[in-house]
Amino acid sequence: MKMCFLVVFCITAFALNAVESFVIAERGKRASCAIAVVADASEAEKYAAKELQTFVRRMTGVELPVLTGAAAVKRKRAVVLSVDASVVRHPEAFRLTVDGDRLLITGGGGRGVLYGVSELLERFGGCDWFAPWCEKVPELDSFEVPLNLDFADKPAFDGRYTTWRHTFRESDNERFNARLRYNGRNTKSEYGGPAVKYAHNLRSDGSIGRIVVPKEHFARHTEWFCEIDGKRRAFG
């Protein structure tokens, strides 16, 4: 009787363990999952689908088909990329959830969908990007996520970029920026287009001289300007 109970327990535990993950792709097996986008998907959503397809192939050797249209986003065994502002309220935010036999990557806008794909690849695929020419793409036997996955995130700041040369002087900088969730210098529609609009005559950096013009303010407000070697100096 005890032996019978032990066997039943082991079989049950094995069965539960076997279905605790949503498998996106398995090395050496045919693609059982597809990437789905709506018919009127934005350029950023289409690019996000291509990005996911590319890295799944590089990680597992499996090429997931990209399907388009209403039937595609409702099919079983799919990674569905979509925009739904009622679910995700910030245009650059995203949510990753498993809904039965579908993995949903939902963004508040096209850029949010793209960021959701990057999060999926980083968090569950182990991918990382250090420069346009330096990246980490592990070889996986199985690319999968937990069945109880429900993860959401949004940027802490509306504008994000650095002046590191690999983010704005390289020919491939916009793709690299998108993977890092930088948006200050991305202008191409596939990466989400311009994200931050500045007031007239202002820029993303070096704008202080346009706000506090030395010719207009230095004589009356020298305290507004930097002190170098004990002396206030006008800049610009």
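Refer to the structure printed above.
Report follows, based on the coordinates. (Residues numbered from 1 in each chain as written. Predicted model: local features only at pLDDT ≥ 70, side-chain atom pairs only at ≥ 80, totals over all residues. Heavy atoms only, no water.)

**Section: the environment of R165**
Worth spelling out the cut-off: Put simply, DSSP marks the helices as runs of H or I at least four residues long and the strands as runs of E at least two long, and each gets a number from the N terminus on. Three labels apply to residues, based on accessible area from a 1.4 Å probe with only protein chains included: buried if under 20% of the type maximum, exposed if over 50%, partly exposed otherwise in between.
Tracing the backbone shows R165 in helix α5 (residues 165-168). Since its relative accessible area comes to 44%, R165 is described here as partly exposed. Note: C-alpha distance between R165 and A131 (34 residues apart in sequence) is 9.8 Å.

**Regarding the sheet that holds strand β5 (residues 94-99)**
Operational definition: Criterion used throughout: strands pair if DSSP finds at least two bridges between them. Lines are fitted to the C-alpha atoms to define the axes, a helix being fitted only along its stretch in contact, and any angle between axes, read from their N-to-C directions, falls within 0 to 180 degrees. Residues count as neighbours in contact if any of their non-hydrogen atoms are within 4.5 Å of one another.
As summarised here, the arrangement of the six strands in space is β3-β2-β4-β6-β5-β10, forming an open sheet in which the pairing is mixed. Strands at the two margins of the open sheet, each flanked by one partner only, are β3 (66-68) and β10 (150-153). Across the sheet, the axes of successive neighbouring strands diverge by a mean angle of 20 degrees, strand direction being ignored. Strand direction decides the pairing type here: strand β2 (residues 34-37) and strand β4 (residues 78-83), joined by four bridges, are parallel. Considered in β4, the bridge of V37 is made with L81. Taken strand by strand, helix α2 (residues 43-60) contacts β2, β3 and β4, and its axis lies near 155 degrees from that of β4.

**Thoughts on helix α4 (residues 110-125)**
Because each turn of an α-helix spans 3.6 residues, side chains separated by three or four positions in sequence point in the same direction. The test is simple: Expected helix span is taken as 1.5 Å per residue step, with the number of steps being one fewer than the number of residues.
Look at α4: 22 Å from first C-alpha to last across 16 residues, which is about the 22 Å you get at 1.5 Å a residue. The element α4 is extensively covered by neighbouring structure, given that 13 of its 16 residues are classed as buried. Looking at the residues trailing α4, positive phi occurs at G126, about 80 degrees.

**So, the nonpolar core**
The line we're drawing: Nine residue types can take part in a nonpolar core, namely buried Ala, Val, Leu, Ile, Met, Phe, Trp, Tyr and Cys, and a core is a set of them joined through side-chain atoms within 4.5 Å.
Grouped together as the largest cluster of nonpolar side chains are 39 residues, with contacts concentrated most on I24, L52, L81, L103, L120 and L121. When residues in this core are grouped by element, the largest group, seven residues, is from α2. Those residues in contact with L120 that sit more than four places away from it in its chain are I24, L52, L96, L103, I105, G125, F143 and V145. Formed by six residues, the second largest nonpolar core is a distinct cluster that contains A36, A72, V73 and V80.

**Considerations on the pattern of salt bridges**
Two side chains carrying opposite charge are able to pair once their charged atoms lie near each other. The test is simple: Any Lys or Arg side-chain nitrogen found within 4 Å of a carboxyl oxygen on Asp or Glu counts as a salt bridge.
In this structure the tally under the stated criterion is 14 salt bridges. Of the charged contacts in the structure, one is a salt bridge between R102 and D99, with a shortest N-O distance of 3.6 Å. Taking the relative accessible area as the measure of exposure, D99 reaches 42% and is therefore partly exposed. Between E119 and R123 there is a salt bridge; the shortest N-O distance is 2.8 Å. Here E119 and its partner R123 are both found in helix α4, four residues apart, which amounts to about one turn of the helix. What makes E119 buried here is its relative accessible area of 9%. Judged by relative accessible area, which is 45%, R123 ranks as partly exposed. Shared partners join several salt bridges into a network, and the residues in it are E51, R58, E135 and R179.

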